[in-house]
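Summary of the model geometry
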Amino acid sequence: MKYLIVGLGNIGQEYADTRHNIGFMVADELVREFRAGYSTLKYAFYSEFKHKGRTVHVIKPTTYMNLSGKAVNYWMNELKIPLANVLVVVDDLAIPFGSIRIKPKGSAAGHNGLKNIEALCGGQQYPRLRFGIGDHYPKGRQIDYVLGPFDKEEQLELPSLIQHAVDAIKSFVSVGLELTMTNFNK
């Protein structure tokens, strides 16, 4: 069994610790935990390791968020991984900070990275782990909020919240989507 874990974010130091890059942060912690590293390959930073007899491929698209589908489509086809075994890790404004929701499918909910994945990978039928970043921004300041850093209190909580998301990914790979949803969607 092979799995593709996709952490969404934007490349470049100016985006490194922003809310929009939580997918990259979760992917980095997953790769670090398995003592793997990244290679810069076509459309993505790429890593691979084994977990409970399964091969886990991790990508961080280098296409920028709004063109993430290009990398996801390429790597799904290159590695011959079915959409059901792809898990996209993404920031979500509609979920309170620190909460995660794992879903088997769903709409892009205005997220341009997810819209592009839908357009290039055959619709909304792929699992996703939505990491809540909250919606504590003034009207009209959504872009500044998602492209801004986590505040000081949030930064203190981030390591344990990222680890929780990593644990959910390991569960997805080892026991499947349904049981992972039962155990992590609280």
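Residues numbered from 1 in each chain as written. Predicted model: local features only at pLDDT ≥ 70, side-chain atom pairs only at ≥ 80, totals over all residues. Heavy atoms only, no water.

Side note on helix α5 (residues 152-175)
- The first and last C-alpha atoms of α5 sit 35 Å apart over 24 residues, in line with the 34 Å expected at 1.5 Å per residue.
- The sharpest bend along α5 reaches about 45 degrees and sits at Leu 158, with the proline Pro 159 one to four residues further on.
- By the N-cap criterion, in which a side-chain oxygen at the helix start approaches the backbone nitrogen of a residue two or three places on, α5 is capped by Asp 151, the distance to Glu 153 being 3.2 Å.
- Directly beyond the C-terminal end of α5, a positive phi value near 100 degrees is found at Gly 176. (Helix = DSSP H or I, 4+ residues; strand = E, 2+ residues; numbered from the N terminus. Expected span 1.5 Å × (residues − 1). Bend = angle between axes of the 7 residues up to and from the residue. Polar contact = N/O pair within 3.5 Å; in protein donor to acceptor, adjacent residues only side chain to side chain.)

Thoughts on helix α2 (residues 68-79)
- Helix length check: α2 (twelve residues) gives 17 Å between terminal C-alpha atoms against 16 Å at 1.5 Å per residue, within 8%.
- Every buried residue belonging to α2 is among Ser 68, Gly 69, Ala 71, Val 72, Trp 75, Met 76 and Leu 79, and all of these are buried. Seen end-on, α2 carries its buried residues on one side only, within an arc spanning 160 degrees. (Buried < 20%, exposed > 50% of the residue type's maximum accessible area, 1.4 Å probe, protein only. Arc of directions from axis to C-beta.)

Considering the packing of α5 against helix α6 (residues 177-184)
- At a minimum axis separation of 7 Å, α5 and α6 run at an interaxial angle of 150 degrees. One way to sum up the angle between α5 and α6 is to call them roughly antiparallel. When the axes of α5 and α6 are compared, the crossing they make is right-handed. Along the contact surface, α5 presents His 164, Asp 167, Ala 168, Ser 171, Phe 172 and Val 175, while α6 presents Leu 177, Leu 179, Thr 180 and Phe 184.
- Across the contact of α5 with α6, the residue classes break down as six nonpolar, three polar and one charged. (Axes fitted to C-alpha atoms, helices over the stretch in contact; angles between N-to-C directions. Parallel < 35°, antiparallel > 145°, perpendicular 65-115°, else oblique. Left-handed = near helix turned anticlockwise from the far one by under 90°. Contact = heavy atoms within 4.5 Å. Nonpolar A, V, L, I, M, F, W, Y, C, P; charged D, E, K, R; others polar.)

Remarks on the sheet that holds strand β5 (residues 86-92)
- Read across the sheet, seven strands follow the order β2-β3-β4-β1-β5-β7-β6 without closing on themselves; strand pairing throughout is mixed. Each edge of the sheet is formed by a strand with only one pairing partner; in this case those strands are β2 (39-41) and β6 (100-103). Adjacent strand axes in the sheet meet at a mean angle of 25 degrees, parallel and antiparallel pairs treated alike.
- Pairing of β6 with strand β7 (residues 128-132), which is carried by four bridges, proceeds in the antiparallel orientation. Among the inter-strand pairings, Arg 101 is bridged to a residue of β7, identified as Arg 130.
- On top of the sheet, helix α1 (residues 22-33) reaches β1 (2-7), β3 (44-51), β4 (54-61), β5 and β7; it is set at about 145 degrees to β4, its chief contact. (Pairing = 2+ DSSP bridges.)

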